Amino acid sequence: MSSLSTTPAETPNVDSDASLADRPPRTLVDKIWDAHLVRDETADTPAILYVDLHLVHEVTSAQAFHELRQRRIGVRRPDRTIATMDHSTPTLLAPGKRRLQVADSQAAAQLDTLERHCADFGVPLLNLEHPGRGIVHVIGPELGLTQPGMTIVCGDSHTSTHGAFGALAFGIGTSEVADVLATQCLLQSRPRTMEVRVDGALGAGVTAKDVVLAMIAQIGVAGGQGHVIEYTGSAIRALDMEGRMTVCNMSIEAGARAGLVAPDETTYSWLMGRRHAPTGEAWSVALADWQSYRSDPGACYDRSLVIDASTLVPMVSYGTNPGMTIPISATVPAPDPSSDPKDRAHLEQALRYMGLTAGQRIAGQRVDVVFIGSCTNSRLGDLRAAAGVLAGRRVAPHVRLLVVPGSQDVKRQAEAEGLDAIVRAAGGEWRESGCSMCIAMNGDQLQPGQFAVSTSNRNFEGRQGKGGRTFLASPLTAAASAVAGAIADPRSLA
Amino acid sequence: MPPITHLTSPAILLALDDIDTDQIIPARFLKTTERQGLGRHLFADWRYAADGTSLPGFILNAPSSAGRRILVAGRNFGCGSSREHAPWALADCGFQAVIAPSFADIFRNNALKNGLVPVQLSPGSHDALVRQLTERPDEELHLNIAKSRLDAFGASHSFPLAPFARHCLLEGIDQLGYLLGAQHEIARYEAGHPAAFCTTS
Ligand code: SF4
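Residues numbered from 1 in each chain as written. Chains lettered and ligands numbered in written order. Predicted model: local features only at pLDDT ≥ 70, side-chain atom pairs only at ≥ 80, totals over all residues. Heavy atoms only, no water.

Draft legend 1. Here's a closer look at the sheet that holds strand β9 (residues 192-199) of chain A. All names here are of chain A. An order of β11-β10-β9-β12 is seen for the four strands of this open sheet, with the pairing classed as parallel. Every interior strand has two partners, whereas the edge strands, β11 (258-260) and β12 (303-308), have only one. In this sheet, neighbouring strand axes are inclined to one another by 20° on average, regardless of whether the strands run parallel or antiparallel. Two elements, strand β10 (residues 227-232) and β11, share three bridges in a ladder whose sense is parallel. When the bridges of β11 are listed, Val 228 appears paired with Ala 258. (Pairing = 2+ DSSP bridges. Helix = DSSP H or I, 4+ residues; strand = E, 2+ residues; numbered from the N terminus. Axes fitted to C-alpha atoms, helices over the stretch in contact; angles between N-to-C directions.)

As structure tokens, this is what we get:
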């Protein structure tokens, strides 16, 4: 792979530029939006928005490549496109082999199809054998491809993860994947903006995952609809990049179009030295540009929400969407007879599916499986946090613990630190990277009726396997629960 | 995409809130590389028992549901995964419109790309429609795309449809074709932003 070249953005976004003194203050989202307009929107037509980076995976791309073939057109910018294999990929090596064993012939055909499309269209691919392979939202940042001020899309709703770097990053459908492959552009209308300010310090045992779960519990799974969320405040600034990615990742679970955090020193130092990050002179030029990507003082958001970090505790979901989440010390809510009958029916249905009783304490609920992985929580820091709990302890005998690193690179680093040995010594399984039990397409799945604590992002019915029941939580809570054999507050394991 | 101007059909009522795309089509059916043929997996986990037989209690399995082209759902329809397989499965089952008080953003985009009309009603109109359909489930509903109106039970409701989206539905416009028509502007933009901050190759 060649090294990277960099030039300053054509229009400087520098706040102090005298010629811009009269310009109304803009939010970070506005700045990225404005810098990527090929054609502005009108009363009758949406904007044509340029896409800097297009990430591709096997599940949502085949029909898009096919569309290009039918029209006999190529990929406009293969140099701004990168593909990986993650969703239906195996996490186990074939017995006695160093090769991964694909679960079924349909998954294998889908992987072959991506391989063929990428070869034919000249799109770089991190295939099953590639050492850089991993979950698409883990490898983008890891390779230094995800950078501040960019527009980034992928046929995957958790593309919002990349917003942690101050990029406008969002998921698209397969027809739109074809649009971007063919034109590097999308038809879009300007999103509304929402500020979620998280101030104060997080207590011990409370993590980025708990912050975002608490936010979703507060605003609901449709609370961010039509909006891009900008996360601000001292608690967000204090998060490392991995924590910020966890928060941005789950923006979509609040219904938001995207989530982002303005870049700062934490961002720049994370990026420096990454494979595709600029170097030398190009680094200084890029840095000057990146520093302009922050909301101006006085910029207006369409909505705002303030969260006091010091009041947050570990959170765990109890229902069948991520909004159905409570503090780990709380009891499962009872349907309120005075509430809307539809809401009541919704909650009753969720509790029936989950096999829970209104009023029971969520802590202490027996679990069968613990899954530590997914683009929400499978990075090195997540695995370190889990290993910190598991070290010197044993997973409860009735619990199956599955630890799936987010990428092969995360896996190698974790192994270099001995985290795999800690997981295995505790009785857990240590796997190759991929989406695995987050989406249950590769054979890693719950059996009907099983209870699982999962560090992933969706507790929808059947998400982790038909009939499976998911409790979303942080890696600390997941590891503590694996040891206890039941949902456990990580703060109780001193 | 074939143009759609009017639609008259009785509806299927599935007025649950927050129906996510994992329910519309579970992930295990996403290993296909085709767009067609997904209709048989629509709402698979609500529709079929473990042995594959149809569950009689589920509305889609009622004999009277056959041939109906409108789905009436609850708030935040299509939330969760961005999978376009969800509107593909709905369209493959013959649906041409979904009526709900709100839609997840990505689902709305995906639906419009496939000629599936997202009809967003105010919560009040939606509640009334659900009540009326509960009493008279076989009533025909009428959609007029050009006027963005839904006529049902003697009432007429307008629903929001961006002018461009409406135009594309009415004319069967292919949006990729529209974007390809802007290639000169795209090239000009690229020339003004000559080098990428990153190159993947
Ligand atoms: S880990 Fe889960 S949420 Fe993330 S990209 Fe994979 S399937 Fe989607």
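Draft legend 2. Here's a closer look at the interface of chain B and chain A. In this complex, chain B contributes 64 residues to the contact, which on the side of chain A involves 81 residues. Applying the counting rule to chain B against chain A returns 10 salt bridges. The partner of B:Lys31 in a salt bridge is A:Asp104, and the shortest N-O contact between them spans 2.7 Å. On inspection of chain B and its partner chain A, the count reaches 26 residue pairs in polar contact (both at pLDDT 80 or more). Breaking the side of chain B that touches chain A down by element, the ones donating at least two residues are α1 (21-24), α2 (44-47), α3 (85-92), α4 (105-112), α6 (163-171), α7 (175-180) and α8 (183-192) of chain B. A total of seven residues in the side of chain B that touches chain A trace back to one element, the largest contributor, which is α8(B). The residue inventory of the side of chain B that touches chain A, partitioned by class, reads 26 nonpolar, 20 polar and 18 charged. (Contact = heavy atoms within 4.5 Å. Salt bridge = Lys/Arg side-chain N within 4 Å of Asp/Glu carboxyl O. Polar contact = N/O pair within 3.5 Å; in protein donor to acceptor, adjacent residues only side chain to side chain. Nonpolar A, V, L, I, M, F, W, Y, C, P; charged D, E, K, R; others polar.)

Draft legend 3. Summary view of the packing of helix α2 (residues 62-71) of chain A against helix α5 (residues 174-183) of chain A. All names here are of chain A. Relative orientation of the contacting elements α2 and α5 amounts to 50°, with a least axis distance of 8 Å. One element, α2, and the other, α5, form an angle in the oblique class. Relative to α5, the crossing made by α2 is right-handed. Residues Gln 63, Ala 64, Phe 65, Glu 67 and Leu 68 of α2 form the contact with α5, whose own contacting residues are Thr 174, Val 177, Ala 178, Leu 181 and Ala 182. For the contact of α2 with α5, the class distribution of residues is seven nonpolar, two polar and one charged. (Parallel < 35°, antiparallel > 145°, perpendicular 65-115°, else oblique. Left-handed = near helix turned anticlockwise from the far one by under 90°.)

Draft legend 4. Structural view of the site of the ligand. The local shell around the ligand consists of A:His87, A:Ile135, A:His137, A:Asp156, A:His158, A:Ser374, A:Cys375, A:Cys435, A:Cys438, A:Ile439, A:Asn457 and A:Arg463. By residue class, the composition of the shell around the ligand is five nonpolar, five polar and two charged. (Near = heavy atom within 4 Å.)

Draft legend 5. Summary view of unusual backbone geometry. Residues and elements named next belong to chain B. At Asn 76, a residue that is not glycine, the phi angle is positive and equals roughly 60°. Within the secondary structure, Asn 76 sits in the loop between β2 (70-73) and α3. On the accessibility criterion, Asn 76 (0% relative accessible area) is buried. Within the chain, Phe 153 stands out as a residue other than glycine whose phi angle is a positive 50°. (Buried < 20%, exposed > 50% of the residue type's maximum accessible area, 1.4 Å probe, protein only.)

Draft legend 6. Looking closely at the confidence of the model for chain A. Confidence in the prediction for chain A averages 93 pLDDT; 95% of positions are at 70 or higher. Ignoring residues within four places in sequence, the model shows residues 1-18 of chain A, a span with pLDDT below 50, making 41 contacts including any to other chains. (pLDDT = per-residue confidence, 0-100.)

Draft legend 7. Representation of the pattern of salt bridges in the model. Residue and element names in this part refer to chain A. All chains considered together, the criterion is met by 39 salt bridges over all chains. A salt bridge links Asp 34 to Arg 190, with the shortest nitrogen-to-oxygen separation between them at 2.8 Å. Highlighted residues: Asp 34 in helix α1 (residues 28-35) and Arg 190 in the loop between β8 (185-188) and β9, separated in sequence by 156 residues.

Draft legend 8. Representation of the nonpolar core in the model. With 84 residues, the main nonpolar core has A:Phe471, B:Phe43, B:Phe77, B:Leu90 and B:Phe107 as its most contacted residues. One finds A:Met245, A:Cys248, A:Ala254 and A:Trp270 within the second-largest nonpolar core, a separate group that totals 42 residues. (Core = buried A, V, L, I, M, F, W, Y, C linked by side-chain atoms within 4.5 Å.)

Draft legend 9. The arrangement of the pairing of strand β15 (residues 369-372) of chain A in detail. Residue and element names in this part refer to chain A. Residues of β15 alternate between two faces, with Val 369 and Phe 371 on one and Val 370 and Ile 372 on the opposite face, all of them buried. In the sheet, β15 pairs with strand β16 (residues 400-403) via four bridges, with the strands oriented parallel. In the sheet register, Val 369 faces β16, and the bridge partner there is Arg 400. Handedness of the crossover joining β15 and β16 through helix α12 (residues 380-390) is recorded here as right-handed. With three bridges connecting them, β15 and strand β18 (residues 451-454) associate as parallel partners. If you follow Val 370 over to β18, its bridge partner there is Val 453. (Right-handed = clockwise from strand over helix to strand, strands pointing away.)

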